[in-house]
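Given next are the chains, with one letter for each unit.
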Amino acid sequence: MTRQLAERPEDVPATFAERFNSGDTEAVAEMYESGAVFVPEPGTALTGQDLHAANGRFMGLGLPITVRPRHVYTTGDVALLIVDWVIDGTDRDGGPVHIEGTATDVARRGQDGRWRYVIDSPFGVRPDTPAA
C-alpha cells in the first residue's frame, strides 16, 4: 500500500521516495499540485504531462532513490525543502547509473491538509554552467 500524502512538510521527501521506489507513476503524480513545475535539468521547467513523463524517465531506470532532507523551512502553508538525493545502481541494460543532486523544492499544504510539490527542482543548487 502506498503511503498517504505527507501531513507535515518534513515528511514530503520520504513520501516521494517511497512512492518513487514503488514504481507507481500515478502515486508519484499525486505528489504534485495541479500546475506544479518540475525542473529535470537547469533551465528546463516542465508542467502537466511533461512533468509526469520526465519523472517517469527517472523511474524507468528501475533504481531506487534515496533522500536525505537537509533543511525544511515553513511559513504558513508553504515550505522550502533542501534535500540531498541519489539514484545509484545498475540499469536494466547492465550499465552503471549514478545520479545525485541537492533539490530545492517548494511544497504547499492543500485544503485537505496534505503537502504537495509546487516546484520540484532536483538539481536546484547545480550551477547553470560548468565551473571553469
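The coordinates are above.
Before going into details, it helps to say that this report is about the structure given with it. For clarity, every value in this text was computed on a predicted model and none was experimentally measured. (Residues numbered from 1 in each chain as written. Predicted model: local features only at pLDDT ≥ 70, side-chain atom pairs only at ≥ 80, totals over all residues. Heavy atoms only, no water.)

Some details on the packing of aromatic side chains
Here is step 1: Overall, the coordinates contain five aromatic pairs when judged by the stated rule.
Here is step 2: Pairing Tyr32 with Tyr117 gives two aromatic rings, centres 5.3 Å apart and planes at 35 degrees, and the pair type is tilted. Of this pair, Tyr32 sits in strand S1 (residues 32-41) while Tyr117 sits in strand S6 (residues 115-121), and the two are 85 residues apart along the sequence.
Here is step 3: Take Tyr32: its relative accessible area is 7%, and that puts it in the buried class.
Here is step 4: Linked through ring pairs, Phe16, Phe20, Tyr32 and Tyr117 together constitute an aromatic cluster. (Phe/Tyr/Trp six-rings, centres within 6.5 Å; stacked < 30°, edge-to-face > 60°. Helix = DSSP H or I, 4+ residues; strand = E, 2+ residues; numbered from the N terminus. Buried < 20%, exposed > 50% of the residue type's maximum accessible area, 1.4 Å probe, protein only.)

What to know about the pairing of strand S4 (residues 78-90)
Here is step 1: With ten bridges joining them, strand S3 (residues 65-75) and S4 adopt antiparallel strand pairing. Paired with Val72 across the strands is Leu81, a residue of S4.
Here is step 2: Where S3 folds back onto S4 in an antiparallel hairpin, the turn is made up of two residues, including Gly76, whose phi is positive at roughly 60 degrees.
Here is step 3: Note that S4 and strand S5 (residues 96-109) share 13 bridges and pair antiparallel. For Val78, the partnering residue across the bridge sits in S5 and is Arg108.
Here is step 4: Counting the residues between successive antiparallel strands, the hairpin from S4 to S5 contains five residues, one of them, Gly94, with a positive phi of roughly 90 degrees. (Pairing = 2+ DSSP bridges.)

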